[in-house]
Amino acid sequence: LQSQPGILARGAAGGAARHGDGGDSGGDGSSLALDVRDLERVVRSCVDEFDFRSATLAVNSVVAGLNQYIEANRPWELALAGSAGELAGVLGFLLGAVRHVAEVAVPLIPSGAGRVLSLLTAAVEGTDPLAPAFPRIDVEATGVLSPSH
């Protein structure tokens with residue numbers, strides 16, 4: 001759960017920093033936008049019932065939808081094609097959606113959600129938006145897991 005929002009935040013924040021859209025402008029009339037807006041109510045209801053599994057599944061579902069949105073809208077191609085208006089809408093929607101998901105996920109993954117929110121703030125302020133929210137662990141260097149051979 002923690003890696004997907006981090007990847008989304010880094011991608012949306014990095015794209016916005018490179019292409020000048022640091023706000024939450026833009027939008028999309030799809031069901032994904034409705035899912036993002038409804039996420040807070042769903043997670044709050046689940047947490048009130050101590051159903052953290054369902055709350056986590058709801059967050060994962062929206063994150064998966066955001067990944068599909070990225071694949072469908074291909075912002076890297078919009079940037080290369082010079083489609084500034086469309087790119088601003090896509091990145092603006094993603095920034096707002098990822099910020100909202102992170103805010104809603106605070107009760108579930110407080111430190112992870114906090115890192116995503118810090119990353120998004122850095123993107124808006126123009127400070128190091130490409131720093132990973134969730135750096136990869138070098139398994140070989142740590143010796144935590146040994147390869148099975």
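Higher on the page you've got the structure.
Given the structure is predicted, the values throughout are model-derived calculations rather than measurements. (Residues numbered from 1 in each chain as written. Predicted model: local features only at pLDDT ≥ 70, side-chain atom pairs only at ≥ 80, totals over all residues. Heavy atoms only, no water.)

Caption draft 1: Summary view of the overall build of the protein. A count of helical and extended segments in the protein gives 7 helices and 0 strands. Along the chain direction, N to C, the helices and strands of the protein fall in the order α-α-α-α-α-α-α. Expressed as a percentage of contacts within the protein between residues at least 6 apart in sequence, the contacts between residues at least 24 apart total 71%. Of the roughly 8,400 Å² of accessible surface on the protein, a fraction of 54% belongs to carbon and sulfur atoms. (Helix = DSSP H or I, 4+ residues; strand = E, 2+ residues; numbered from the N terminus. Contact = heavy atoms within 4.5 Å. Areas by Shrake-Rupley, 256 points an atom, 1.4 Å probe, with all protein chains shown as cover.)

Caption draft 2: Representation of helix α2 (residues 31-48). Taking 1.5 Å as the rise per residue, α2 with 18 residues should run 26 Å; its terminal C-alpha atoms sit 25 Å apart, in good agreement. The complete set of buried residues in α2 reads L32, A33, V36, L39, V43 and C46. If you follow the buried residues of α2, they end up packed against α3 (52-73) and α5 (84-105). (Expected span 1.5 Å × (residues − 1). Buried < 20%, exposed > 50% of the residue type's maximum accessible area, 1.4 Å probe, protein only.)

Caption draft 3: Up close: the nonpolar core. Counting residues in each nonpolar core, the largest one holds 29 residues, and the members touching the most others are L39, V43, V59, L66, F93 and V101. When residues of this core are traced back to their parent elements, those giving at least two are α2, α3, α5 and α6 (110-125). Per element, the largest residue contribution to this core is 11 residues, and it comes from α5. If we ignore the near neighbours within four places in the chain, the residues touching V101 are L39, V59, V62, V63 and L66. (Core = buried A, V, L, I, M, F, W, Y, C linked by side-chain atoms within 4.5 Å.)

Caption draft 4: Focus on the packing of aromatic side chains. Under the counting rule described, the total for this entry stands at 2 aromatic pairs. Residues F50 and F52 carry aromatic rings whose centres are separated by 6.5 Å and whose planes lie at 65° to one another, so their mutual orientation is edge-to-face. Residue class for F52 comes out partly exposed when judged on its relative accessible area of 38%. Judged by centre distance (4.8 Å) and plane angle (55°), the ring pair of Y69 and F93 falls under tilted. Separated by 24 residues along the polypeptide, Y69 in helix α3 and F93 in helix α5 bring together distant segments of the chain. A relative accessible area of 10% places Y69 in the buried class. Assessed through its relative accessible area of 9%, F93 is described here as buried. (Phe/Tyr/Trp six-rings, centres within 6.5 Å; stacked < 30°, edge-to-face > 60°.)

Caption draft 5: Fine view of the pattern of salt bridges. In total, this model carries 4 salt bridges according to the counting rule given. Residue E40 is joined to R44 by a salt bridge in which the shortest nitrogen-to-oxygen separation is 2.7 Å. Linking E40 with R44, this pair stays in helix α2, spanning 4 residues, or about one helical turn. Residue R44 is classed as partly exposed on the basis of its relative accessible area of 48%. For the salt bridge of R74 with E71, the shortest nitrogen-to-oxygen distance reads 3.7 Å. The network of salt bridges with shared partners includes E71, R74 and E77. (Salt bridge = Lys/Arg side-chain N within 4 Å of Asp/Glu carboxyl O.)

Taken by themselves, the reported measurements are silent on function.
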